[in-house]
Amino acid sequence: GTNINYPIVQGGDDQFYLKHDYLGRSSSAGSIMLAHNAKPDFSDINMVVYGHSMKNGTMFRDLRWFANRLGFAENHPVIWVLTPEKTFRCEVFSAYETYDMSESYTMFLVRNDAWRDWLEAARGRSVFESDVDLDPSACYIMFSTCVNASGPARYVVPAKMVEVG
């Protein structure tokens with residue numbers, strides 16, 4: 001239900017692909033990128049995928065629909081992530097506006113009480129209700145994009161990852 005259909009890249013830092021396409025060519029649209037410190041096989045407890053929100057509707061612009069279009073999240077509860085080895089059904093359980101240095105971007109190395117609190121806080125911030133089971137033993141992904149061309153505001157869409165192939 002979106003125009004989001006791009007390769008996900010990962011660099012040695014989170015800067016290069018902000019201004020380069022997936023082939024490494026200069027591009028104001030940048031790339032959709034997995035945070036540099038995440039495992040490339042998507043096996044971390046939680047990870048972030050970043051992308052610009054372009055005015056022309058490309059890249060992660062359509063993530064806003066989860067937070068702004070009435071009924072969109074309920075009618076489009078899944079985001080698919082496909083790798084050469086695995087396919088993940090990402091069950092969207094939240095969408096909200098935050099800022100770039102918020103606790104929403106906390107990365108967890110262990111599943112503990114703080115991790116469970118993070119999951120519940122992410123659900124609590126959501127602009128819609130979801131019945132996704134927040135299993136603390138699962139892996140989670142958060143899709144993140146900017147609200148404006150500059151400034152710290154971000155739209156985020158956290159989802160539970162379920163490997164299906």
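Residues numbered from 1 in each chain as written. Predicted model: local features only at pLDDT ≥ 70, side-chain atom pairs only at ≥ 80, totals over all residues. Heavy atoms only, no water.

**Some details on the nonpolar core**
Note the threshold: To qualify as a nonpolar core, a set must consist of buried Ala, Val, Leu, Ile, Met, Phe, Trp, Tyr and Cys residues joined through side-chain atoms within 4.5 Å. Per-residue accessibility, obtained with a 1.4 Å probe over protein chains only, is compared with the maximum for each type, and a residue is labelled buried under 20%, exposed over 50%, and partly exposed between these values. Helix and strand assignments come from DSSP, with helices taken as H or I runs of at least 4 residues and strands as E runs of at least 2, each series counted from the N terminus. Any pair of residues with heavy atoms lying within 4.5 Å of one another is described as a contacting pair.
Counting 28 residues, the largest nonpolar core has Phe42, Phe66, Cys90, Ile141 and Phe143 as the members making the most contacts within it. Of all the secondary structure elements, the ones that give two or more residues to this core are strand E2 (32–34), strand E3 (46–50), helix H1 (64–68), helix H2 (72–75), strand E4 (78–82), strand E5 (87–92), strand E7 (139–146) and strand E8 (153–163). The residues touching isoleucine 141, leaving out its near neighbours within four places in the chain, are Phe42, Met47, Val49, Val81, Cys90, Val157, Pro158, Ala159 and Met161. Ranked by size, the runner-up nonpolar core spans 16 residues in total, among them Val48, Phe108, Ala122 and Val132.

**A look at the environment of arginine 116**
The residue arginine 116 is located in helix H3 (residues 113–125) in this model. For arginine 116, a relative accessible area of 34% translates into the label partly exposed. With 20 residues separating them in the primary sequence, arginine 116 and proline 136 have C-alpha atoms 6.1 Å apart.

Honestly, that's just the spatial picture; any functional story needs more than this.
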